Amino acid sequence: MHRTDRKRTVGAPGASGEALDAERLRCGPPENGEVRVELRGPWTLDRPLPSLGPVEAALARGGVERLRVTDGGLGEWDSSVLVYIEDIEAMAAERGALVDTGALPRGIRTLLELARSARGRPIERVEQPRPPLLVRVGDRAVWAWRGAVDGLEFGGEVAAAVWRFVRGRARYRRSDLLLAIQQCGAGALPIVSLLNFLVGLILGFVAATQLREWGAEIFVANLVGIGMVRALAAVVTGVTMAGRTGASFAAQLGTMQVNEEIDALRTFGIPPAEFLVLPRMMALGLMMPLLALYAVVVGLLGGAVVGISLLHFTLAEYAHQTYRALDLTDLGVGIFSAAVFGVLVALAGCYKGLRCGRSAAAVGEATTSAVVIGIVSIVVAMAFITWGCNILGI
Amino acid sequence: MNQAGGPTKISIRGLHKAFGAKKVLQGVDLEVPEGSSTVIMGGSGAGKSVLLKHVIGLLRPDAGEVLVDGGDIGHLHEGDLNTVRRQFGMSFQEGALFDSMSVFDNIAFPLRRHSGLDPDGVAERVRECLRIVNLHDVEGKMPAELSGGMRRRVGFARAIALKPRILLFDEPTTGLDPVMTALIADTIRALTEDETVTALTITHDLQAAYAIADRIAMIFQGRIVFCGPPEAFQTNTDPVVEQFRTSNPIGPWTEAEL
C-alpha cells in the first residue's frame, strides 16, 4: 500500500474515466459538517482507482468534520479499496477531519485494522551479509562431512539389508522385485540395442579410417571386440540405465517420500533399505550383466557392419578375427563391471529418492542428481576396475 | 477422562528442532498420561506434525528428549526403534497409502507383518477396520481411485488395524464432511475408552478438537502455551488461545506473521 502506486493509477483520468468514476464513487454535499462517500460497483486492482478529486473538493469547501465512507452497493473488491480509503484518510487528516469507516463491510474493516496495526512498525528485512571466507570454507566442510556421514549411513543400512537377505530374513515383496526386473530388463532392450549398435558402428568406423593407412584393417575386429566386451558395452548400458532406471527409482522413491509413504513404512518398523532399496538393487544388479551381454552382441554387430560394408571382409572372416582377439577373461571383466554399474546406479537412484525433500520440485532435483551421480560413479568405478585389472594382470 | 489419574505414557522435555535456519520447535514440554486423548492444536506451520513425528522417532531431536514409557526414543538405534514402534499406530495427513498396493493390502500390511494372524484373520480384521471408518466396497481399489477423504479414512483404518497402545493422528478430520468428522472423532474417543490406549491427535479444527479431546494442548512459536482440559481451554484468556478459539483475524497469530 504505497502511495506512489496511487499516483500512477489515479492520475489524470480521461473523459471516460470520469464517467466510470461517478459509477463507483459518489460524494455527497456536506450536511451538518459530514460528507458521505459512497463506494459502489467493482473495486479491483486491474482497473484504475477513481480520482480523489470529488473528495478533495468537498473537503476544500471547509467546515467538514467527518467523512463517512459507506457501502453503496459495493461489488467485487480487493486491496484497491484499502489503498483508496488510506488515501482518503491521509487527505482528511491534513484538513483535520475524521474518517468513519464503520458502515463498511466487516472484511474491509478488519483488513483496515490489520493494516493500521502494522503501520509504524519498521519492515524487517533479513539482510544476510556474505559470511567471511573462513566461515564459508567451514560451512562447506561441515556440509561435506555431513553428506559423507549420511552416505555411509545409507551404505550401512543397505549392507545390513543385504546381510538379512543372505540369511533369508529380509522383508520385501517378491512382486516388487519382479516388477523392478521387468522394468529394467526387457523394457530397456530397444534403447540399449540402438545405443550399443551405434557405438559399435562408430568405433569400427574410426578404427577403419586409422588402421587402413597401415593396411591393418583386419584389426578393426580386435579393437571393436575388446573395446566393446571389456568396457564399452557395460559403460554405455550403464549410462543408459542411469538415465532410464536410476532416474525412475529416484522419482518413485521421491514421490513416496513426498506422500509420507516412507514415513508410514518406517512406523510399521520396516526399514526402507530392505523393503524398497533391496529389490531395486537386486533387480538392476541381476539384469545389468544380462543386458551387457546382449549389448556386446549388438555392439559387435555394429562393428561387423563396418567391416563388411566398408572394408569388404566376409562375415566369417570378421567373426573369426573377433573370436581370436577375445578370451573369456575379457567377457568376465565386462560382465563384472556391468553388475557393479547396475548396483551403483540403483543405489544412486534410491539414495537420492529416499533423501528427497517434500515437494514436487524436490523430486525433480532428486531425479536429476540421481542420474548425474549414477553416471559419475560408473566412470569412477570403471577407472578403478581398469586399474585393478592392470595390477592383477588380467 | 483420567488426565489426573493415568501414569505418564509420553513425556516430551525441552524438545528443540530446526530445519536449516528455521527453528520449528523451541523447547516443547508436554506430558501425555496413559489412556488420555490429547489434541495438539495450532496454526499451519506451527510445528504440530514435526512434534508428532518426534514421538514415533521419524525425526531426531536437536536437543531435548522424548520419553515413551520412560525410555528415551530420541537417541535409540534404528533397530531398537523399530521394536518400540510396534506399539504405535500413526495416520498421516494425506493418508500416506502405499500407491502400489490395493486398499485391502494397505490395511493388511501391518497385520501380515506383525500380528501373526492367519490370512482369514487378517481379512476379517481389514473388513472390521473398514467398517469402523464407514467405507464399503473399496477393498480391491487402488489408492489413486479414491477421493482424498476416503484415502485419509483408509489411512486411519490402517493405523488402528494392529490395535496399538499409542495412536498418533495427523489431521485425521481435515477435508472430511461434518458427518465423517464426527465419526472419526467418536472412533478416537471410543478407542481411548480403553485405559491403556493413548491417543495424540493433531488438528486445527476446533469442533473436532472438542469432540476428540479430554486434554487440549496449544502450540505457538515452537512452544506449548496451553495444556489442559477442553473446559479450561474454552475459558482461557491467553491472547494466543483466545484468538485461535474465537477465530479472530487480529492477535498474536497474525502479528507473528506480519
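Residues numbered from 1 in each chain as written. Chains lettered and ligands numbered in written order. Predicted model: local features only at pLDDT ≥ 70, side-chain atom pairs only at ≥ 80, totals over all residues. Heavy atoms only, no water.

> Mind showing me how you'd approach the pattern of salt bridges here?
Opposite charge on two side chains lets them pair, provided their charged atoms get close. For the structure shown, the criterion picks out 22 salt bridges over all chains. Where Glu34(A) meets Arg66(A), a salt bridge forms, and the shortest distance between an N and an O atom there is 3.4 Å. With Glu34(A) in strand β2 (residues 34-43) and Arg66(A) in strand β3 (residues 66-77), the pair connects residues that are 32 residues apart, well separated along the chain. Classification of Glu34(A) as partly exposed rests on a relative accessible area of 24%. On the basis of relative accessible area, Arg66(A) is assigned to the partly exposed category, the value being 33%. Between Lys17(B) and Asp62(B) there is a salt bridge, with its nearest N and O atoms 3.7 Å apart. Linking Lys17(B) in strand β1 (residues 8-19) with Asp62(B) in the loop between α1 (48-55) and β4 (63-68), this pair joins segments that are 45 residues apart in sequence. Among the residues examined, Lys17(B) registers a relative accessible area of 12% and is labelled buried. Residue Asp62(B) is classed as partly exposed on the basis of its relative accessible area, which comes to 48%. Among the charged side chains, a network of salt bridges with common partners joins Glu34(A), Arg66(A), Arg68(A) and Asp100(A). (Salt bridge = Lys/Arg side-chain N within 4 Å of Asp/Glu carboxyl O. Helix = DSSP H or I, 4+ residues; strand = E, 2+ residues; numbered from the N terminus. Buried < 20%, exposed > 50% of the residue type's maximum accessible area, 1.4 Å probe, protein only.)

> I'm lost on helix α13 (residues 328-354) of chain A in this one. Help?
The periodicity of an α-helix, 3.6 residues per turn, causes residues three or four positions apart to be oriented the same way. For α13(A), with 27 residues, the first-to-last C-alpha span of 39 Å sits near the 39 Å given by 1.5 Å per residue. Among the residues of α13(A), the N-terminal cap falls to Asp327(A), whose side-chain oxygen and the backbone nitrogen of Thr329(A) are separated by 3.0 Å. (Expected span 1.5 Å × (residues − 1). Polar contact = N/O pair within 3.5 Å; in protein donor to acceptor, adjacent residues only side chain to side chain.)

> Could you clarify how one ought to interpret the environment of Val305(A) in this entry?
Residue and element names in this part refer to chain A. In this fold, Val 305 is placed in helix α11 (residues 272-309). The partly exposed category is assigned to Val 305, whose relative accessible area is 37%. Non-local contacts of Val 305, meaning those with residues more than four positions away in its chain, are made with Phe 197, Leu 201 and Leu 310. (Contact = heavy atoms within 4.5 Å.)

> Can you walk me through the pairing of strand β2 (residues 22-33) of chain B in this structure?
Along a regular strand, successive side chains alternate from one face of the sheet to the other. Judged from the 9 bridges that link them, β1(B) and β2(B) form a sheet pairing that is antiparallel. If you follow Lys17(B) over to β2(B), its bridge partner there is Leu25(B). (Pairing = 2+ DSSP bridges.)

> Before we go on, may I ask you to explain the interface of chain A and chain B in this structure?
Reports often express the size of an interface as the amount of accessible area lost when the parts come together. Listed per partner, the contact involves 23 residues of chain A and 26 residues of chain B. Between chain A and chain B the total buried area reaches about 2,300 Å² when both faces are included, carbon and sulfur atoms providing 59% of it. Summed over the three residues of chain A that lose the most area to chain B, namely Arg266(A), Thr267(A) and Phe268(A), the buried surface amounts to 29% of that side. Between the two partners, chain A and chain B, sit 2 salt bridges. Between Lys53(B) and Glu260(A) there is a salt bridge, with the nearest N and O atoms lying 2.8 Å from each other. Counting across the interface, chain A meets chain B through 5 residue pairs in polar contact (both at pLDDT 80 or more). Contributing elements (two or more residues each) for the side of chain A that touches chain B: α5 (106-118) and α10 (261-267) of chain A. For the side of chain A that touches chain B, the element with the highest residue contribution is α10(A), accounting for 6 residues. Among the residues making up the side of chain A that touches chain B, the classes are represented as 9 nonpolar, 5 polar and 9 charged. (Buried area = accessible area lost by both parts, 1.4 Å probe. Nonpolar A, V, L, I, M, F, W, Y, C, P; charged D, E, K, R; others polar.)

> What should I look at first to understand the sheet that holds strand β7 (residues 166-170) of chain B in this one?
All names here are of chain B. Ordered in space as β6-β7-β8-β3-β9-β10, the 6 strands form an open sheet in which the pairing is mixed. With partners counted over all chains shown, the strands left at the sheet margins are β6 (88-91) and β10 (223-228), one partner each. Here the strands of the sheet are splayed against their neighbours by 15° on average, with no regard to which way each runs. As paired strands, strand β3 (residues 37-41) and strand β8 (residues 198-203) are joined by 5 bridges and run parallel to one another. (Axes fitted to C-alpha atoms, helices over the stretch in contact; angles between N-to-C directions.)

> Explain the confidence of the model for chain A to me, please; I cannot follow it from the model alone.
In low-pLDDT segments, the atomic positions of the prediction should not be examined closely. All names here are of chain A. In this model, chain A carries an average pLDDT of 87, and 92% of its residues clear a pLDDT of 70 or more. Predicted confidence in chain A is weakest over helix α1 (residues 3-10), with a mean pLDDT of 43, and strongest over α13, with 95. This model gives residues 1-16 a pLDDT under 50, and the stretch forms 18 contacts once residues within four places in sequence are excluded. (pLDDT = per-residue confidence, 0-100.)

> Where do I start with the nonpolar core in this structure?
Burial of nonpolar side chains together is a common tendency in soluble globular proteins. Judged by nonpolar contacts, the single largest core of 148 residues is most densely connected at Phe341(A), Ile12(B), Met41(B), Ile107(B), Leu168(B) and Met218(B). Looking at this core, the element that brings in the most residues is α11(A), giving 18 residues. For Met41(B), the contacting residues outside a window of four places in its chain are Lys48(B), Thr203(B), His204(B), Asp205(B), Leu206(B), Ala209(B), Ile216(B), Ala217(B), Met218(B), Ile219(B), Phe233(B) and Phe244(B). Leu49(A), Val55(A), Val69(A) and Ile108(A) belong to the second-largest nonpolar core, a separate cluster that totals 26 residues. (Core = buried A, V, L, I, M, F, W, Y, C linked by side-chain atoms within 4.5 Å.)

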